[in-house]
Each structure stands twice: as C-alpha cells, then as structure tokens.
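Here is what each chain is made of, one letter per residue.
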Amino acid sequence: MFSLTVRRHFMIAHSLPREVFGPAQGLHGATFVAEVTFRRRALNADAIVLDIGAAGTIIEEVLADLNYRNLDDHPDFAGKLSTTEALAEYVARRVAREVEKSDDGAQLAGIDVTLRENPDAWATFSLDLAD
C-alpha cells in the first residue's frame, strides 16, 4: 500500500456543551493541524498516489468552509458535537467526495484524516474507499 500525506492547518471556535468536556463546554477556539493521507494499492501511470498540488487544493477548499468559523453556527454541525474525532470524520468524508471526482481519486483505497489539536493529542478517522 502506498500513501501520500498533505498537511494544512485551520482555526475554529466551538463549544462542547456536555459535562464530560469540563471547561471546553464554553465557547473556545482551537487550531488544528490536519494531516490527510491518501492510500492507494498501486501507483498511477505517473508513479504517484495523487498529485500533491491537487491534493493540497482539495484540502484547502474543504478546510476553507471551517476556517475561522464558529462551528456552533455551522449548518453541518447543527445539533451535533464538533469534537476532534467528529471533525476528522467530517473532513475525511468531504475530501473523499472531492477527490473521487478525479480519475486518480477513483483508484484510491482510502483516506485517513488526523487532526492534531496539540503536540500531545490528536484523533484520526480512516475511511476505506475501494477494495
């Protein structure tokens, strides 16, 4: 299995209104480093998983909808908790929808999104696309 990882960062505001989240129940900000890994069983005719520039553009477009936004007001998170894990899944599914439109995207085996909230804590969501 081959993989290509491209990183970008984004900043959000949100609240997590449940007792389990302690002080994070209130409105607060977070800066995430998003690492998006594209997996492929065999390289394409150009001996790559996916064009790095194209991958970066797709990630930037997906994150632009979240960057500097209060997720409490974001329609895609209405009535949902915007935890790091939930955000990783959201980003993975949005990136998958965009990348699958390309010829190379249709050949991907999966996408993994890791959101690093700080150097000591991160969450990953893995999305299998093809067998």
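Residues numbered from 1 in each chain as written. Predicted model: local features only at pLDDT ≥ 70, side-chain atom pairs only at ≥ 80, totals over all residues. Heavy atoms only, no water.

1. Section: unusual backbone geometry
At step 1: Of note in the backbone geometry, Ala 47 takes a positive phi value of approximately 65° without being a glycine.
At step 2: Non-glycine residue Tyr 68 carries a positive phi angle of around 60°.
At step 3: Along the chain, Tyr 68 falls in the loop between helix 1 (52–64) and strand 3 (69–70). (Helix = DSSP H or I, 4+ residues; strand = E, 2+ residues; numbered from the N terminus.)

2. What to know about helix 1
At step 1: With 13 residues, helix 1 ought to run about 18 Å at 1.5 Å a step, and its terminal C-alpha atoms sit 18 Å apart, in line with that.
At step 2: Residues of helix 1 that are buried: Ala 55, Gly 56, Ile 58, Ile 59, Val 62 and Leu 63. Each buried residue of helix 1 sits inside an arc of 160° when the element is viewed along its axis, so together they form one side.
At step 3: Elements in contact with the buried residues of helix 1: strand 1 (2–14), strand 2 (28–40) and helix 2 (84–99).
At step 4: The opening residue of helix 1, the one whose side-chain oxygen lies 3.1 Å from the backbone nitrogen of Gly 53, is Asp 51. (Expected span 1.5 Å × (residues − 1). Buried < 20%, exposed > 50% of the residue type's maximum accessible area, 1.4 Å probe, protein only. Arc of directions from axis to C-beta. Contact = heavy atoms within 4.5 Å. Polar contact = N/O pair within 3.5 Å; in protein donor to acceptor, adjacent residues only side chain to side chain.)

3. Points about helix 2
A turn of α-helix holds 3.6 residues, and therefore any two residues three or four places apart point the same way.
At step 1: The terminal C-alpha atoms of helix 2, which comprises 16 residues, lie 22 Å apart, in line with the 22 Å expected from a rise of 1.5 Å per residue.
At step 2: Of the residues making up helix 2, those classed as buried are Thr 84, Leu 87, Ala 88, Tyr 90, Val 91, Ala 92, Arg 94, Val 95, Ala 96 and Val 99.
At step 3: In this fold, the buried residues of helix 2 make contact with strand 2, helix 1, strand 4 (110–118) and strand 5 (121–128).

4. Notes on the pattern of salt bridges
At step 1: According to the stated counting rule, one finds 9 salt bridges in the structure shown.
At step 2: With a shortest N-O distance of 2.7 Å, Arg 116 and Glu 35 are connected by a salt bridge. Linking Arg 116 in strand 4 with Glu 35 in strand 2, this pair joins segments that are 81 residues apart in sequence.
At step 3: Classification of Glu 35 as buried rests on a relative accessible area of 13%.
At step 4: When the shortest N-O distance is used, the salt bridge between Arg 69 and Asp 65 registers 3.3 Å.
At step 5: Owing to a relative accessible area of 29%, Arg 69 belongs among the partly exposed residues under this scheme. (Salt bridge = Lys/Arg side-chain N within 4 Å of Asp/Glu carboxyl O.)

5. Some remarks on the sheet that holds strand 4
At step 1: In space, the 5 strands of this open sheet follow the order 3-1-2-4-5, with mixed pairing throughout. Strands with a single pairing partner mark the edges of an open sheet, and in this sheet they are strand 3 and strand 5.
At step 2: With respect to the sheet, helix 1 is in contact with strand 1 and strand 2, its orientation differing from that of strand 1 by roughly 20°.
At step 3: Where helix 2 meets the sheet, it contacts strand 2, strand 4 and strand 5, and its direction lies at approximately 35° from that of strand 5. (Pairing = 2+ DSSP bridges. Axes fitted to C-alpha atoms, helices over the stretch in contact; angles between N-to-C directions.)

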